Protein chains: 2
Amino acid sequence: MSLEQELKLERPMDDIHHEAVLSIVRTAGLLSLKGATLFRQFDLTEAQFNVLFSLKYKETVWTQSDLGKRLVVTRASVTSVLDKLESKGLVERHVVEGNRRIYHVDLTKAGRELIDKVEPRYRENIHEVTASLDRPTCEALIQSLERVRQNCTRPAD
Amino acid sequence: MSLEQELKLERPMDDIHHEAVLSIVRTAGLLSLKGATLFRQFDLTEAQFNVLFSLKYKETVWTQSDLGKRLVVTRASVTSVLDKLESKGLVERHVVEGNRRIYHVDLTKAGRELIDKVEPRYRENIHEVTASLDRPTCEALIQSLERVRQNCTRPAD
DNA sequence: AAATCATTGTTAGACGTCAAGCGATAAGTT
DNA sequence: AACTTATCGCTTGACGTCTAACAATGATTT
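Right, let's walk through the structure included here. (Residues numbered from 1 in each chain as written. Chains lettered and ligands numbered in written order. Predicted model: local features only at pLDDT ≥ 70, side-chain atom pairs only at ≥ 80, totals over all residues. Heavy atoms only, no water.)

Structural notes on the interface of chain A and chain B
Taken together, the contact between chain A and chain B spans 60 residues of the former and 60 residues of the latter. Contact with chain B buries surface across chain A, with E10, H17 and R149 of chain A losing the most and accounting together for 11% of the total. Here chain A and chain B share zero salt bridges between them. Taken together, the links from chain A to chain B amount to 14 residue pairs in polar contact (both at pLDDT 80 or more). Of all the secondary structure elements, the ones that give two or more residues to the side of chain A that touches chain B are α1 (3–6), α2 (16–40), α3 (46–57), α4 (64–71), α6 (109–129) and α7 (135–152) of chain A. Residue composition of the side of chain A that touches chain B, by class: 27 nonpolar, 13 polar and 20 charged. (Contact = heavy atoms within 4.5 Å. Buried area = accessible area lost by both parts, 1.4 Å probe. Salt bridge = Lys/Arg side-chain N within 4 Å of Asp/Glu carboxyl O. Polar contact = N/O pair within 3.5 Å; in protein donor to acceptor, adjacent residues only side chain to side chain. Helix = DSSP H or I, 4+ residues; strand = E, 2+ residues; numbered from the N terminus. Nonpolar A, V, L, I, M, F, W, Y, C, P; charged D, E, K, R; others polar.)

Take a look at the structure:
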């Protein structure tokens with residue numbers, strides 16, 4: 001279905017750039033919704049899943065700040081989500097000797113077991129939604145989006 | 001910058017479909033952030049701008065439910081944002097005779113004046129972020145995203 | 001060594017989103 | 001006409017996000 005129909009527009013979109021931007025935002029919203037539906041079955045939110053998934057594949061030691069950079073959210077958000085995950089016993093904050101300002105964050109055994117259960121379902125989802133895109137199409141999509149992101153951050157960044 | 005670098009991944013993404021999905025979500029997040037920064041200058045949030053913008057271009061009479069469909073949010077969300085906009089005097093709820101269940105929503109004079117001020121800046125933003133995409137590239141992008149959205153909603157929908 | 005600057009994690013408050021459930025009303029059915 | 005079902009807008013509570021500010025700590029500079 002075209003974006004016009006989906007958004008129930010009463011006139012055609014005349015600006016293709018505008019349509020492109022709305023498409024991106026709308027698609028991301030739907031992807032999040034689909035993700036949330038899956039994660040809820042495991043008593044997780046999307047943000048909580050993202051933390052577990054990141055931690056599973058990290059190869060070095062991460063502070064909360066590192067996690068925030070990886071997930072592209074503020075430190076305050078990390079604190080909040082980590083509090084939830086810690087209270088569920090899925091994640092641990094480790095004191096770091098030599099630097100009393102930071103914590104190192106890691107999965108607990110329960111956290112690892114849970115993410116190992118969710119991940120295959122998540123990957124199924126991914127391939128379900130992108131099934132109709134062959135490799136060159138994916139590459140083109142990725143490249144276009146990368147260009148958009150470049151123009152999102154002010155030149156001074 | 002590639003997604004790998006942006007997300008500070010410690011190993012390359014091996015799954016191009018996964019990379020595509022993350023690109024979409026990440027790009028939408030950045031677009032929202034850029035939008036929020038603009039809207040804040042006018043004491044608006046993104047959600048509030050979306051309502052004003054929709055109302056400006058509607059050509060028929062809309063209920064809150066219609067607005068929700070257009071913006072793809074629940075009725076509860078519409079109620080909440082509309083309360084804020086109404087308290088700022090930017091939007092009005094009109095009683096509908098013949099149907100006491102619904103309201104018709106419209107811009108006030110102040111609402112129209114404000115959206116008229118914000119819109120040119122918004123359109124500048126749009127073209128800034130998509131400047132490097134020519135028309136065929138935009139069309140391909142839009143089409144790919146449309147395919148993803150198709151696969152987001154279960155076949156039964 | 002002392003003063004300044006930067007980083008880290010936390011808190012508080014505002015906001016939008018959702019799910020679930022509610023009462024009122026409308027529409028459809030028997 | 002009476003009953004049933006559907007829709008509408010609202011409320012509540014949970015959640016994640018952000019900004020702004022803060023204290024503690026670390027890093028730099030003087």
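Re the protein's contact with DNA strand D
In the region of DNA strand D, 24 residues are neighbours, and T45 of chain A together with Q64, S65, R75 and R101 of chain B sit closest. For DNA strand D, the backbone portion of the atoms within 4 Å of the protein, that is sugar and phosphate, comes to 69%. Contributions of two or more residues to the surface near DNA strand D are made by α3 and α5 (75–87) of chain A together with α4 (64–71) and α5 (75–87) of chain B. The greatest single-element share of the surface near DNA strand D, amounting to five residues, is contributed by α5 of chain A. For the surface near DNA strand D, the class distribution of residues is seven nonpolar, 11 polar and six charged. (Near = heavy atom within 4 Å.)

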